[in-house]
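What follows is the residue order along each chain.
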Amino acid sequence: EVQLVESGGGLVQPGGSLRLSCAASGFTFSSYGMSWVRQAPGKGLEWVSYIHSGSGSTSYADSVKGRFTISRDNAKNTVYLQMNSLKPEDTAVYYCAAGSYFGVSAGRYDYWGQGTQVTVSS
């Protein structure tokens, strides 16, 4: 059974940091690109970041560039999202997703996690 399990969300003050984790199982994690995608209340999906399976090259949405860092540990089958200088507009449910595609078309990813809530508020 394929599973992607996110963790690390919570409530943080503006300017604070959080580190999200996504633990994968049931598929060959090292062969898949991994993305973080978020959905704010009442809004559509927003792609946040992507890390390639082989090269480890990364891409970021302009809204998070310079503040967020994606990384992966293939030995632990885990992808991370380090989020610094958090803003209220970063409040959303954060999902990890597996596949070579990255963007906002949910059906084009191979696998999705259940999401973790991040709330940035004073």
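Read on for a plain summary of the structure. In this convention, every chain numbers its residues from 1, walking through the sequence in written order. Only residues with pLDDT of 70 or above have their local features reported here, since the model is predicted, and side-chain atom pairs are shown and tallied only from 80 upward, although totals for entire chains, interfaces and linings are computed over all residues. The side-chain values count all of the structure's non-hydrogen atoms but skip hydrogen atoms and water molecules.

1. A word on the pairing of strand S3 (residues 18-25)
Rules: DSSP-based pairing: two strands are paired if at least 2 bridges between them are found. For the purposes of this entry, the term helix denotes a DSSP run of H or I that reaches at least four residues, the term strand denotes a run of E that reaches at least two, and both are numbered from the N terminus.
Bridge count between strand S1 (residues 3-7) and S3: five bridges; the pairing is antiparallel. Bridge pairing in S3 places Leu4 opposite Ala24.

2. Here we look at the packing of aromatic side chains
Spelled out, the test is: Here a Phe, Tyr or Trp ring, Trp counted by its six-membered ring, pairs with any other such ring whose centre lies within 6.5 Å, and the pair is stacked when the planes are under 30 degrees apart, edge-to-face when over 60, and tilted otherwise. Residue burial is assigned from relative accessible area. The probe radius is 1.4 Å, only protein chains are included, and a residue is buried under 20% of its type maximum, exposed over 50%, and partly exposed in between. Only Lys NZ and Arg CZ are tested; either one counts as a charge over a ring when it is within 6 Å of the ring centre and within 35 degrees of the ring normal.
Following the criterion strictly, the structure yields eight aromatic pairs and no others. Relative to Trp112, the ring of Tyr95 has its centre 5.7 Å away and its plane inclined at 80°; by these criteria the two rings are edge-to-face. Taken together, the residues span a long stretch of sequence, with Tyr95 in strand S9 (residues 92-98) and Trp112 in strand S10 (residues 111-112) at a distance of 17 residues. Residue classification places Trp112 among the partly exposed residues on the basis of a relative accessible area of 28%. Between Tyr101 and Tyr109, the ring centres sit 5.1 Å apart and the planes meet at 70°, which makes this aromatic pair edge-to-face. For Tyr109, a relative accessible area of 5% corresponds to the buried category. Aromatic rings pair up to connect Tyr95, Tyr101, Tyr109 and Trp112 into one cluster. If you follow Arg72 out to its NZ or CZ, it ends over the ring of Phe29, 4.4 Å from the centre.

3. As for the nonpolar core
We apply this condition: Among buried residues, the Ala, Val, Leu, Ile, Met, Phe, Trp, Tyr and Cys ones that are joined through side-chain atoms within 4.5 Å form a nonpolar core. When checking whether two residues touch, look at their non-hydrogen atoms; a contact exists if any pair is within 4.5 Å.
Of all hydrophobic cores here, the largest spans 34 residues; its most connected members are Trp36, Val79, Leu81, Met83 and Tyr94. Breaking this core down by element, the ones donating at least two residues are S3, strand S4 (34-39), strand S5 (45-51), strand S7 (68-73), strand S8 (78-83), S9 and strand S11 (116-120). For this core, the leading source of residues is S9, giving five residues. Non-local contacts of Val79, meaning those with residues more than four positions away in its chain, are made with Leu20, Ser21, Cys22, Phe29, Met34, Trp36, Ile51, Ile70, Ser71, Arg72 and Cys96.

4. Overview of the sheet that holds S1
Threshold: Under this scheme, a helix contributes an axis fitted over its contacting stretch, all axes are lines through C-alpha atoms, and angles between N-to-C directions fall in the 0 to 180 degree range.
Strands sit in the order S1-S3-S8-S7 across an open sheet of four strands; the sheet is antiparallel. Two strands close off the open sheet at either side, each with one partner strand: S1 and S7. Along the sheet, successive strands turn relative to each other by an average axial angle of 15°, direction set aside.

5. Quick notes on the state of the cysteines
Where we set the bar: Here, the term disulfide refers to a pair of cysteine sulfur atoms separated by no more than 2.5 Å.
In this structure the tally under the stated criterion is one disulfide. A sulfur-sulfur distance of 1.9 Å marks the disulfide that ties Cys22 to Cys96. Every disulfide takes its handedness from the sign of the S-S torsion; for Cys22 and Cys96 that torsion is 45°, giving right-handed. Residue Cys22 is located in strand S3, and its partner Cys96 is located in strand S9; the two are separated by 74 residues in the primary sequence.

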